[in-house]
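Architecture at a glance
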Amino acid sequence: MEGRLNTTSYVDKKYEIGIDGTKYYFILRSPENLSKRPVLLITIAADCYHTLNHPDYNLISDVFLAAGHLVASFDLPNHGEHIDNYGEGLTGWVNAMSDGVDIFEKIRKIGSSIIDFAAREKLAWKNTIVMSGVSRGGLSAMHIMAYDERVYAAVVHAPCTDLSKIKEFEQLKDNPILISSNAINLARRLANRFLLITIGEKDPRVDEKACFEFYARLFAISDTIKPAIFILEGQTHGKTAFNEAAYIAGASFLFEKIAMRINGKVND
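I will try to describe carefully the structure that is included in this document. Being a predicted model, the structure only gives us computed values, none of them experimental.

Put simply, the largest pocket is a space of about 590 Å³. Together, 30 residues line the largest pocket, and Tyr57, Val134, Ser135, His237 and Asn243 are the ones closest to its centre. Elements that contribute at least two residues to the lining of the largest pocket include exactly α3 (89-98), α5 (136-147) and α9 (243-262). Sorting elements by how many residues they give to the lining of the largest pocket places α9 first, with 3 residues.

Shown next as structure tokens:
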């Protein structure tokens, strides 16, 4: 198989994990030529097939593969092979939350299970785990990072920070599970962590104002490590922002933080 950059051969392997009696799986993509100090990138968008293979989502993962690093991805609940009786996509999330299901608790458990696997198998140099996420995958990545300190750095593109701003969730704006899932409730756990947010100056889908407010809150409570933000001209979740610039910035951010660790500039 060939990656997007047409320079990297890789092998995909599928692994099963059990979460509260339900079987989930993740894909581990390994480059043919592994780095001497490989790290693991966990990348999330919706279903793992599109996350790993669609050019709208996979620039960062392709760059990591080209550099000899490992990439993992998984289907979010109610996406891909994990569509259940609640339905597909965000509609499935709405139905599940209405029935008392904490979707993001599931996501956190899946992410931590993948990190457990990486630690057992000694996949990553010094268990160096980084993450990327897009939109709903961005909020998902922040949840995993917030609750698992083994995530070293993350970049999230056009993240949903307030679910009530998404049209599918408007009916659930007072739902306690939805409220607890919003990014503002992760701020304390994400303070002083390596996190880059990228988003357009406009984004009517996720509401750029909600994203900027979250960033401002996180910046204010972080004293040793400040979050970073990269604002694109134009509209994300639209046709006017050059999203590739954000992905390039994201890859650069992650590689810079990895280089700092290799160079001994940050603690293990």
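The structure having been displayed, the exposition proceeds.
Applying the stated rule across the entire model yields 1 cavity of 30 Å³ or more. Approximately 90 Å³ is the volume found for the largest cavity. Surrounding the largest cavity, 14 residues form its lining, Ile60, Ser132, Gly133, Val134 and Tyr247 being those nearest its centre. Looking at the lining of the largest cavity residue by residue, the class counts come to 8 nonpolar, 6 polar and no charged.

Take the environment of Leu186 next. Within the fold, Leu186 resides in the loop between α6 (176-181) and α7 (187-190). Taking the relative accessible area as the measure of exposure, Leu186 reaches 1% and is therefore buried. Along the primary structure Leu186 and Met145 are separated by 41 residues, whereas in three dimensions their C-alpha atoms are 9.3 Å apart. Aside from chain neighbours lying at most four places away, what touches Leu186 is Leu139, Met142, His143, Ala146 and Tyr147.

Each value, and the rule that gives it
- Residues numbered from 1 in each chain as written.
- Predicted model: local features only at pLDDT ≥ 70, side-chain atom pairs only at ≥ 80, totals over all residues.
- Heavy atoms only, no water.
- 1 Å grid on protein atoms, 1.4 Å probe; cavity = no way out; pocket = protein on both sides within 12 Å on 5 of 7 lines; lining within 4 Å.
- Points joined across faces, edges and corners; volume = space filled by probe spheres on them.
- Helix = DSSP H or I, 4+ residues; strand = E, 2+ residues; numbered from the N terminus.
- Nonpolar A, V, L, I, M, F, W, Y, C, P; charged D, E, K, R; others polar.
- Buried < 20%, exposed > 50% of the residue type's maximum accessible area, 1.4 Å probe, protein only.
- Contact = heavy atoms within 4.5 Å.

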